[in-house]
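Breakdown of the fold
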Amino acid sequence: MKIAQIAPLYETVPPKAYGGTERVIAGLCDGLTNRGHEVTLFAAGESVTLADLDAVVPSPLRMRMTREEMVDIAPHLHLRMLAEVFDRAGEFDVIHSHIDIWTLPFAYSTEVPTLLTMHGRLDLEHVRRALELYPGVPLVSISDDQRRGLHGIDVTWAGTVYNGLDFTAYADDHYTGSPHLAFVGRIAHEKGPTAAVEIAARTNRQLHAAAKVDPTDIEYFERDVEPVFAANDVVFVGEIDEERKPTFFGSAAATLFPSDWPEPFGLVMIESMAAGTPVIALRRGSVPEVVVDGVTGFICDDIDDMAAAVRRIGDLDRDACRRHAANFDVNRMCAGYEAIYEKLTTTSQHALYPTG
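Residues numbered from 1 in each chain as written. Predicted model: local features only at pLDDT ≥ 70, side-chain atom pairs only at ≥ 80, totals over all residues. Heavy atoms only, no water.

**Description of the pairing of strand β9 (residues 207-212)**
- Across the 6 residues of β9, 6 count as buried, placing the element largely inside the fold.
- Here β9 shows two buried faces, one formed by Leu207, Ala209 and Ala211 and the other by His208, Ala210 and Lys212.
- Tracing the backbone out of strand β8 (residues 181-186), into helix α6 (residues 193-202) and back to the parallel element β9 gives a crossover that is right-handed.
- Taken together, the 2 bridges between β9 and strand β10 (residues 235-236) define a ladder with parallel strand orientation. Residue pairing in the sheet places His208 in a bridge with Val235 of β10.
- Chirality of the crossover, the property in question, places the unit of β9, helix α7 (residues 218-231) and β10 among those that are right-handed. (Buried < 20%, exposed > 50% of the residue type's maximum accessible area, 1.4 Å probe, protein only. Helix = DSSP H or I, 4+ residues; strand = E, 2+ residues; numbered from the N terminus. Right-handed = clockwise from strand over helix to strand, strands pointing away. Pairing = 2+ DSSP bridges.)

**A short note on the packing of aromatic side chains**
- Scanning all chains against the criterion turns up 10 aromatic pairs.
- Seen in terms of ring centroids, Phe221 and Phe236 are 5.6 Å apart; in terms of plane orientation they differ by 40 degrees. Their pairing is tilted. Highlighted residues: Phe221 in helix α7 and Phe236 in strand β10, separated in sequence by 15 residues.
- On the accessibility criterion, Phe236 (31% relative accessible area) is partly exposed.
- Pairing Tyr337 with Tyr341 gives two aromatic rings, centres 6.3 Å apart and planes at 25 degrees, and the pair type is stacked. Here Tyr341 and Tyr337 lie together in helix α13 (residues 330-346), a separation of 4 residues that amounts to about one turn.
- The exposure class assigned to Tyr341 is buried, which follows from its relative accessible area of 0%.
- Of the aromatic side chains, those joined through ring pairs into one cluster are Tyr162, Phe265 and Phe328.
- Its end group placed over the ring of Tyr175, Arg318 keeps NZ or CZ at 3.9 Å from the ring centre. (Phe/Tyr/Trp six-rings, centres within 6.5 Å; stacked < 30°, edge-to-face > 60°. Lys NZ or Arg CZ within 6 Å of the ring centre and 35° of its normal.)

**Some words on the packing of α6 against helix α11 (residues 303-310)**
- Contact geometry of α6 with α11 gives a least axis separation of 9 Å together with a crossing angle of 45 degrees. Classed by the angle they form, the pair α6 and α11 counts as oblique. In terms of crossing hand, the pair formed by α6 and α11 is right-handed. Note on element contacts: α11 touches α6 through Ile303, Asp304, Met306, Ala307 and Val310, opposite Ala195, Glu198, Ile199 and Arg202.
- The class makeup of the residues in the contact of α6 with α11 is 6 nonpolar, no polar and 3 charged. (Axes fitted to C-alpha atoms, helices over the stretch in contact; angles between N-to-C directions. Parallel < 35°, antiparallel > 145°, perpendicular 65-115°, else oblique. Left-handed = near helix turned anticlockwise from the far one by under 90°. Contact = heavy atoms within 4.5 Å. Nonpolar A, V, L, I, M, F, W, Y, C, P; charged D, E, K, R; others polar.)

**A word on the nonpolar core**
- In this structure, Leu41, Leu115, Ile270, Met273, Tyr337 and Tyr341 are the most contacted members of the largest nonpolar core, which totals 54 residues.
- With 7 residues, the top contributor of residues to this core is α13.
- Apart from residues lying up to four places away in sequence, Met273 is in contact with Val279, Val290, Thr296, Cys321, Arg322, His324, Ala325 and Phe328.
- Of all hydrophobic cores here, the second largest spans 29 residues; its members include Leu207, Val225, Val234 and Met306. (Core = buried A, V, L, I, M, F, W, Y, C linked by side-chain atoms within 4.5 Å.)

**Thoughts on the sheet that holds strand β4 (residues 94-97)**
- On the basis of which strands lie adjacent, the open sheet formed by 7 strands has the order β3-β2-β1-β4-β5-β6-β7 and parallel pairing. Every other strand in the sheet has two partners, leaving β3 (52-57) and β7 (156-160) as the edge strands with one partner each. When the angles between neighbouring strand axes are averaged without regard to direction, this sheet yields 25 degrees.
- Direction of pairing for strand β2 (residues 38-44) relative to β3: parallel, over a ladder of 5 bridges. Its bridge partner being in β3, Leu41 is matched across the sheet by Leu53.
- Along the sheet face, helix α3 (residues 74-87) touches β1 (2-6), β2, β3, β4 and β5 (114-118) and points at about 140 degrees away from the line of β3.

**Side note on the environment of Asp329**
- Following the sequence through the fold, Asp329 ends up in the loop between α12 (318-325) and α13.
- Separated by 130 residues in sequence, Asp329 and Ile199 have C-alpha atoms that sit 30 Å apart.
- Residues in contact with Asp329, not counting those within four places in the same chain, are Gly164, Leu165 and Phe167.

**Describing the pattern of salt bridges**
- Taken as a whole and assessed by the stated rule, the structure comprises 27 salt bridges.
- For Arg283, the salt bridge is made with Asp301, and the minimal N-O distance between the two is 2.8 Å. With Arg283 in the loop between β12 (279-282) and α10 (287-290) and Asp301 in the loop between β13 (297-300) and α11, the pair connects residues that are 18 residues apart, well separated along the chain. (Salt bridge = Lys/Arg side-chain N within 4 Å of Asp/Glu carboxyl O.)

**A word on the packing of α6 against α7**
- The contact between α6 and α7 brings their axes to 10 Å, and the two run at 10 degrees. Taken as axis vectors, α6 and α7 run roughly parallel relative to one another. Every residue of α7 that contacts α6 at Pro193, Thr194 and Val197 is listed here: Tyr220, Asp224, Val225, Val228 and Phe229.
- The residue makeup of the contact of α6 with α7, split by class, is 6 nonpolar, 1 polar and 1 charged.

Here it is, written out as structure tokens:
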């Protein structure tokens, strides 16, 4: 099967540091290629996968654009990429886009089966209003909970495919009995970095934080987070690359995931479990679909519950965490998408997904 994968242009595929969507796309490109498909990746230059790369821009936008340019220019570069891809639609059996609602009008312009994986939150008004205009475009959710954001909207779901990663590098056991806790993600209010500090302080444990600070979050970091980190002796290492992640996760007693928004998936959780480290998370979004409460971590209703759960992490089996993480292996993800591609290509797209 000839498959086009369309990636955001902000980062390389895979990213050099932070970038969950791009890591998923990289795994999908490599996995599908290994399964015998011909994959073309439309992405930023410097991307490296087993797929054939069509470099839409010479380098990732985040490395060479100002904040203002990211707002004013980046959307036009993505729209230009979509125009180029759909001009070549006849070269592919399937077009798979990962760049959100910008794809929608282009999907209506071709008979080539086209699907769109929604990687972000769906309860935003502009997202709901846009999707409502294109009810026949097949959508893929990355968790069942993610769909709740579109309750009452007429959309076409082709399936739910959980994100998957290659956990080969996580095979070694890096835990030495250290009591410290880990926080990994993005420094943003909804991700709960200060809540993680509070939980660690309440339980007399040190917090190790590996996190990206986006330009839009610098003010929040300097005003609200940096002073709290300093006052509580948080070990802040900034962004970390893939090579360092297994040790960072695996050396912790538990990973805190106090994300206080409808998290569509949360790669941090599966990375932590793959390293054998249980996850203590708020009951938000996809968390109950990813963490097995009382087995691979604890699902909590508030910060008080999370602090209490830290005191129970000795009850959990780290090998059980690793076993459960296998459910989110890259090969399972590829098989899930492969099944959707097969369904789309063996039945008329407009018959399967009528536009009304």
